[in-house]
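Survey of secondary and tertiary structure
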Amino acid sequence: MIQPLAYIHPQARIADNVVIEPFVTIHKDVEIGEGTWVGSNSVIMDGARIGKNCRIFPGAVVSAPPQDLKYKGEPSTVTIGDNTVIRECVTLNRGTALDKNTTTIGSNCLLMAYVHVAHDCVVGNNVIIANSVQLAGHINVYDHAFIGGTSAVHQFVEIGAHSMISGGSLVRKDVPPYTKAGREPLSYIGINSVGLRRRGFSAETINEIQEIYRIIFLKKYNVTKALDIIEAEFNPTVERDEIINFVQNSQRGIMKGFGI
């Protein structure tokens, strides 16, 4: 299902049942998995590793060289998992040798129109990034996160699993897992309870997460004191330990509680 008006380098590795529409350009060092659809006027450049059953809409540019002055043309990649949707005019830049050497987009993701993902980012599975979000380099976005439209994320920021960021946000600090973030400057506005219920988290677990974040964001403790209290007062769980590890390992510091 390759249209004659598309250009595909003869050494590109295209699996069975891939549909390539007219005016697509596919470079030499490219791999595309079974069942993927590539829309008209898309450009798939060297280093692209695209999984199965993906949908790449018109005007997308996958695996362009990074917009990083330190990049010297070294081989690197963009890896996209299975069942991911890349909408119109999304741009995905490949990695650099000074970091991961790859940019990674997980499986079952939705990147809406005009999203930009810069070099050496890691986007987990089941992530939704809404229209015109701009991710700078070296950002980690963990599983099931949602980033609202037109948000801009500073380089090296970490966005935790199951978190939700309001549209139009400027994300300069790390966003811990399970939280909702909004306002300017970006602040804690609660936990993502609706998303957690949809994904099968129990009411008991949701309540515990909420109590943990009350200690971190609303009780006026410094971060070290808040974590000491959490470790002393809450039994170890997957969620408790994930929150503690995220906050302890934050390099840029976490967002603030509202009004702090």
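- Going by an unreviewed UniProt entry, the protein carries the name Acyl-ACP--UDP-N-acetylglucosamine O-acyltransferase and comes from Mucilaginibacter roseus.

**Considerations on the packing of helix 3 (residues 223–233) against helix 4 (residues 238–248)**
- Put simply, helix 3 and helix 4 touch, their axes get as near as 11 Å, and they point 160° apart. As summarised for this structure, helix 3 and helix 4 are arranged roughly antiparallel, according to the angle between their axes. Seen from above, helix 3 lies across helix 4 with left-handed handedness. Residue-level inspection shows Val223, Leu227, Ile230 and Glu231 of helix 3 in contact with helix 4, the latter providing Arg240, Ile244, Val247 and Gln248.
- Residues of the contact of helix 3 with helix 4, tallied by class, amount to 5 nonpolar, 1 polar and 2 charged.

**So, helix 3**
- For helix 3, the full list of buried residues reads Ala226, Leu227, Ile229 and Ile230. The arc enclosing the buried residues of helix 3, seen along the axis, measures out at 160°, which places them on a common side. Residues Thr224 and Ala232 are exposed on helix 3 and point more than 90 degrees away from its buried face.
- Here the buried face of helix 3 lies against helix 2 (203–218) and helix 4.
- The N-cap residue of helix 3 is asparagine 222: its side-chain oxygen and the backbone nitrogen of threonine 224 are 3.2 Å apart.

**Concerning the sheet that holds strand 2 (residues 13–14)**
- If you trace the 8 strands from one edge of the open sheet to the other, you get 2-5-8-11-14-17-20-23, paired in parallel fashion. The open sheet is flanked by strand 2 and strand 23 (158–159), the only strands paired with a single partner.
- As judged from the 2 bridges shared by strand 2 and strand 5 (residues 30–32), these two strands associate in the parallel manner. Counted as the bridge partner of arginine 13 is glutamate 31 from strand 5.

**Section: the nonpolar core**
- Membership of the largest hydrophobic core comes to 67 residues, with the highest contact counts inside it found for Leu92, Leu111, Leu135 and Ile216.
- Taken together, the elements giving at least two residues each to this core come down to strand 5, strand 8 (48–50), strand 11 (77–80), strand 27 (187–191), helix 2, helix 3 and helix 4.
- Ranked by residue count, the leading element in this core is helix 2, at 7 residues.
- With near-sequence residues (within four places) excluded, leucine 135 lies in contact with His116, Val117, Ala118, Cys121, Val123, Ile129, Val141, Ile147 and Val153.

Reading the values: the criteria
- All residue numbers here refer to positions counted from 1 along the written sequence of the relevant chain.
- At least 70 in pLDDT is required for a residue's local features to be given in this predicted model, at least 80 for side-chain atom pairs to be given and counted, and no such filter applies to totals for whole chains, interfaces and linings, which use all residues.
- Computation of side-chain values covers all heavy atoms of the structure but excludes hydrogens and water.
- Only the contacting stretch of a helix is used when fitting its axis, a line to C-alpha atoms as for every element, and angles between N-to-C directions run 0 to 180 degrees.
- Counting from the N terminus, the helices are the DSSP runs of H or I reaching at least four residues and the strands are the DSSP runs of E reaching at least two.
- For this classification, under 35 degrees means roughly parallel, over 145 means roughly antiparallel, 65 to 115 means roughly perpendicular, and everything else is oblique.
- Handedness of a crossing is defined here by the sense of rotation of the near helix relative to the far one, left-handed for an anticlockwise turn of less than a right angle and right-handed for a clockwise turn.
- Contacts: residue pairs with any heavy atoms within 4.5 Å of one another.
- Residues are sorted three ways: Asp, Glu, Lys and Arg are charged, Ala, Val, Leu, Ile, Met, Phe, Trp, Tyr, Cys and Pro are nonpolar, and all the rest, Gly among them, are polar.
- Using a 1.4 Å probe on the protein chains alone, a residue whose accessible area is under 20% of its type maximum counts as buried, one over 50% counts as exposed, and one in between counts as partly exposed.
- Note that the arc is computed from the directions linking the helix axis to the C-beta atoms.
- Any pair of N or O atoms that falls within 3.5 Å is considered a polar contact. Within protein, one atom must be able to donate a hydrogen and the other to accept it, and sequence-neighbouring residues count only if both atoms are side-chain atoms.
- For two strands to be treated as a pair, DSSP must find no fewer than two bridges joining them.
- In plain words, nonpolar cores are sets of buried Ala, Val, Leu, Ile, Met, Phe, Trp, Tyr and Cys residues tied together by side-chain atoms within 4.5 Å.

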